[in-house]
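# Observations on the model geometry
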Amino acid sequence: MHLDHPDTYPHRHTYTAATPTRPDGTRRALRIGLGGPVGSGKTATVAALCRALRDQLSIAVVTNDIYTREDAEFLLRNAVLAPERITAVETGACPHTAIRDDISANLEAVEDLEDSVGPLDLVLVESGGDNLTATFSKGLVDAQIFVIDVAGGDDIPRKGGPGLTTADLLVVNKTDLAPYVGVDLEGMARDAKAQRGELPVAFTSLATEGGVAPVRDWVLERLAAWAAA
Ligand SMILES: Nc1nc2c(ncn2[C@@H]2O[C@H](COP(=O)(O)OP(=O)(O)OP(=O)(O)O)[C@@H](O)[C@H]2O)c(=O)[nH]1
Ligand SMILES: [Mg+2]
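Let me sum up the structure you'll find in this document. (Residues numbered from 1 in each chain as written. Chains lettered and ligands numbered in written order. Predicted model: local features only at pLDDT ≥ 70, side-chain atom pairs only at ≥ 80, totals over all residues. Heavy atoms only, no water.)

### A few points about a negative patch on the surface
Test applied: By definition, no residue in a patch forms a salt bridge, and every one has over 30% relative accessible area; like charges are joined within 9 Å, nonpolar side chains (Val, Leu, Ile, Met, Phe, Trp, Tyr) within 5 Å. In short, Shrake-Rupley with a 1.4 Å probe defines the accessible areas, and a residue's cover is counted only from the protein chains shown. Here, a salt bridge means any Lys or Arg side-chain nitrogen found within 4 Å of an Asp or Glu carboxyl oxygen. Charged-residue counts in this description rest on Lys and Arg as positive and Asp and Glu as negative, His and the chain ends being excluded. All charge positions are set by atom: Lys at NZ, Arg at CZ, Asp at CG, Glu at CD. Helix numbering and strand numbering both begin at the N terminus, where a helix is a DSSP run of H or I of at least 4 residues and a strand a DSSP run of E of at least 2. For every residue, the accessible area (1.4 Å probe, protein chains only) is compared with the maximum for its type, and the residue is labelled buried under 20%, exposed over 50%, or partly exposed between those bounds.
Taken together, the side chains of Glu108, Glu111, Asp112 and Asp115 make up a negatively charged region of the molecular surface. Structurally, the position occupied by Asp112 is in helix 4 (residues 104-117). For Asp112, a relative accessible area of 44% corresponds to the partly exposed category.

So this is what it looks like as structure tokens:
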């Protein structure tokens, strides 16, 4: 929690939900955060979403890594967007700190992107890989996707944790690997439903052409609701 101490600590702020409009009154970009364990497929999901949506939407991406710019460099190498639309934040600490506790570096990155390449429709913020507890501050993103993968084990949905239970969309990725790691996808779906109730779950294989379609469709629905609000 951050407390305001304007006299003693003028650099400290209390962040509240970012205002949904720009100074000129138009609706700002929808901001979606992607979190989840290391290697589950967050960057692969971001890349696939950019490819699927870049012709119809103005998109930018912020990546978070602890010590490197690895994820941003992957996205740049694969040319999923023009380079000026991709920014890396080096968190230097536990990745959840930069998306939940002190979100200033991420907010600044999003605002700089809007200033330099905006107006944007959609900003994707990828968290550094973490455990099952990582969630984004509502001051940074409007909705969050939590990405797990079948190779992490079919008991992951049962283990819960705030990312998995409360994210606006749970993605269970790498379904192509299920036969090789002995994972029962229907059991995972049941466990996820038990943890999440009516909140949606998408099963994806990004190794398959068009595999990101369920996530793309969910993003488009959120965007339509955002624009209509
Ligand atoms: N077989 C298979 N491999 C995948 C799939 N999605 C991603 N991968 C691979 O899994 C590895 C990790 O994917 P990333 O997208 O880098 O994972 P990440 O969650 O961004 O990882 P960190 O940012 O390091 O936490 C890469 O080698 C991807 O090519 C999938 O659906 N199926
Ligand atoms: Mg990544």
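Next comes the rest of the description.
### Thoughts on the pairing of strand 1 (residues 30-35)
Moving residue by residue along a regular strand, the side chains alternate between the two faces of the sheet. What counts, and what does not: Strand pairing is defined by DSSP finding a minimum of two bridges between the two strands.
For strand 1, the tally of buried residues reaches six of six residues, placing the bulk of the element in the interior. Burial along strand 1 is two-sided: Leu30, Ile32 and Leu34 facing one way and Arg31, Gly33 and Gly35 facing the other are all buried. Pairing geometry for strand 1 and strand 4 (residues 122-126), over five bridges, is parallel. Paired with Gly33 across the two strands is Val125, which belongs to strand 4. The pairing of strand 1 with strand 5 (residues 143-149) spans four bridges and is classified as parallel. Residue pairing for strand 5: Gly33 is matched across the bridge by Gln144.

### What about the sheet that holds strand 1?
What counts is decided by this rule: With axes taken as lines fitted to C-alpha atoms, and helix axes fitted only over the stretch in contact, angles between N-to-C directions fall between 0 and 180 degrees. Any two residues whose heavy atoms approach within 4.5 Å at even a single point are treated as in contact.
Reading across from one edge, 3-2-4-1-5-6-7 is the order of the seven strands in this open sheet, with parallel pairing throughout. Strands at the two margins of the open sheet, each flanked by one partner only, are strand 3 (86-90) and strand 7 (201-203). Taking the axes of each pair of neighbouring strands and ignoring which way they run, one obtains an average angle of 20° across the sheet. Strand contacts of helix 8 (residues 185-196): strand 5, strand 6 (169-173) and strand 7, with the helix running at about 165° to strand 7, the strand carrying the most contacts.

### Examining the environment of Val141
As for its placement among the helices and strands, Val141 is situated in the loop between strand 4 and strand 5. As a C-alpha pair, Val141 and Leu124 span 17 residues in sequence and 8.8 Å in three-dimensional space. Apart from residues no more than four positions distant in its own chain, Val141 is found in contact with Arg31, Ile32, Gly33, Val125 and Phe136.

### Considering the packing of helix 1 (residues 42-53) against helix 2 (residues 70-77)
Note the following rule: The handedness criterion is simple: a crossing whose near helix is rotated anticlockwise from the far helix by less than a right angle is left-handed, and one whose near helix is rotated clockwise is right-handed. Only Asp, Glu, Lys and Arg are considered charged in this grouping, and only Ala, Val, Leu, Ile, Met, Phe, Trp, Tyr, Cys and Pro are considered nonpolar; every other residue, Gly among them, is considered polar.
Where helix 1 contacts helix 2, the two axes come as close as 10 Å, and the packing angle between them is 35°. As helix 1 runs across helix 2, the sense of the crossing is right-handed. Two secondary-structure elements touch here, helix 1 through Thr43, Val46 and Ala47 and helix 2 through Asp71, Phe74 and Leu75. Here the residues of the contact of helix 1 with helix 2 are counted per class, giving four nonpolar, one polar and one charged.

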